[in-house]
Amino acid sequence: DGTPNDGNSTLPMGLSRDVKLVSSSFSVVEDAFVSTKSLNPDGSATLAISGTIGNFRNRDVKTELKLKISPENFAGASLALPAQILTLHPGENQFSLETTVKNPHLWWSWDLGKPNLYRLTAALSPQAGNSRSVVFGIRTIVVKRDMSYWLNGRRLFLKGAWYPMSDYYGSRSTHDTFLKDLELVKAANLNHLVAFTVVEKPDFYNLCDRMGILLIFELPF
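Residues numbered from 1 in each chain as written. Predicted model: local features only at pLDDT ≥ 70, side-chain atom pairs only at ≥ 80, totals over all residues. Heavy atoms only, no water.

A.B. asks: Can you lay out the packing of aromatic side chains for me, pointing to particular residues and giving the numbers?
C.D. replies: Per the counting criterion, the structure on display carries eight aromatic pairs. Seen in terms of ring centroids, Phe-74 and Tyr-118 are 5.2 Å apart; in terms of plane orientation they differ by 85°. Their pairing is edge-to-face. Of this pair, Phe-74 sits in the loop between β3 (61-71) and β4 (79-80) while Tyr-118 sits in strand β7 (residues 118-125); the two residues are 44 residues apart in sequence, bridging distant segments of the chain. Tyr-118 matches Phe-74 in its accessibility class, with the two residues each being buried. In this structure, Arg-57 packs its charged tip against the face of Phe-26, placed 4.1 Å from the ring centre. Taking NZ or CZ as reference, Arg-154 lies 5.0 Å from the ring centre of Trp-108, over its face. (Phe/Tyr/Trp six-rings, centres within 6.5 Å; stacked < 30°, edge-to-face > 60°. Helix = DSSP H or I, 4+ residues; strand = E, 2+ residues; numbered from the N terminus. Buried < 20%, exposed > 50% of the residue type's maximum accessible area, 1.4 Å probe, protein only. Lys NZ or Arg CZ within 6 Å of the ring centre and 35° of its normal.)

A.B. asks: Any details on the pairing of strand β13 (residues 192-195)? Residues and values, ideally.
C.D. replies: Because side chains alternate across β13, one face comprises the buried residues His-192 and Val-194, and the other comprises Leu-193 and Ala-195, equally buried. The pairing of strand β12 (residues 160-163) with β13 spans four bridges and is parallel. Paired with Ala-161 across the strands is Leu-193, a residue of β13. Once the chain exits β12 it traverses helix α1 (residues 175-187) before rejoining the sheet at β13, and the crossover so formed is right-handed. Note: β13 against strand β14 (residues 214-217), four bridges, orientation parallel. From the neighbouring strand, Ala-195 faces β14, where its bridge partner is Phe-217. Each parallel crossover has a hand, and the one from β13 via helix α2 (residues 202-211) to β14 is right-handed. (Pairing = 2+ DSSP bridges. Right-handed = clockwise from strand over helix to strand, strands pointing away.)

A.B. asks: Which residues make up α1, and what values go with them?
C.D. replies: Between its terminal C-alpha atoms α1 stretches 18 Å, which fits the 18 Å expected from 13 residues at 1.5 Å a residue. As for α1, its buried residues are in contact with β12, β13 and α2. Asn-189 sits one or two residues past α1 and shows a positive phi near 70°. (Expected span 1.5 Å × (residues − 1). Contact = heavy atoms within 4.5 Å.)

A.B. asks: Explain the pattern of salt bridges residue by residue, including any values.
C.D. replies: All told, the structure shown has six salt bridges when counted by the stated rule. Across the pair Arg-119 and Glu-72 runs a salt bridge whose closest N-O atoms are separated by 2.9 Å. Separated by 47 residues along the polypeptide, Arg-119 in strand β7 and Glu-72 in the loop between β3 and β4 bring together distant segments of the chain. Relative accessible area serves as the criterion here: at 24%, Glu-72 is assigned to the partly exposed category. Bridged by salt links that share partners, the residues Glu-72, Arg-119 and Arg-210 form one connected network. (Salt bridge = Lys/Arg side-chain N within 4 Å of Asp/Glu carboxyl O.)

A.B. asks: With reference to specific residues and values, describe the nonpolar core.
C.D. replies: Judged by nonpolar contacts, the single largest core of 30 residues is most densely connected at Ile-49, Leu-65 and Ile-69. Elements supplying a minimum of two residues to this core: β1 (27-39), β2 (45-55), β3, β5 (84-88), β6 (91-101) and β7. In this view, Leu-65 contacts Val-29, Ile-53, Ala-83, Gln-84, Leu-86, Phe-95, Ala-122, Ala-123 and Leu-124; residues no more than four positions away in its chain are not counted. (Core = buried A, V, L, I, M, F, W, Y, C linked by side-chain atoms within 4.5 Å.)

A.B. asks: Hey, could you go over the sheet that holds β13 for me, with residue numbers and the actual values?
C.D. replies: Here three strands make up an open sheet; going across it, the order is β12-β13-β14 and the pairing parallel. At either end of the open sheet lies a strand with only one pairing partner, and these are β12 and β14. Sheet twist, expressed as the mean angle between neighbouring strand axes with direction ignored, is 25°. (Axes fitted to C-alpha atoms, helices over the stretch in contact; angles between N-to-C directions.)

What follows is the structure, encoded as structure tokens:
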């Protein structure tokens, strides 16, 4: 029951992360996501923003969605996007839009530059305190026909390794154990990892973003 077998023939199952009970208003931003659509010739970046809003009433509700983009790990001004007036139907509601960031601070792997990050905050009005934020980097990755990788238009020489799992028992991994692993990765002059077998705790992916380590993820199973 507790001895790892060779290969992937045995995998622990069940809950491996903390659980919590969340109290919210009748309308709540449940998820938000930002991707880089393009880096433009004028130096700006076009971002695609999407997300999910839950309406727990049994009727339509009108609300105002306010979005703000702020620097996360560098100094700079915030960008407030035009408010979106939405009609929320009972259940899940999707939203999506595009915006342009002028002179963006790009995310780079640690060997090419700084891993600059932004934070998107999505809030509903007039519900006070109902907001969700997500940290993201502005970057593009292209794989050309000759199998060369290009990060933000610059050639990236991949130096990496597999990262099958932090710990055989997923509940034992912590922020500190992830940090130790990734510091050793950088000390070995590696700029990317291939993660597979399991989905790690969010701390692992957040640290990769902040430490400038590119992650190639193979979906488990």
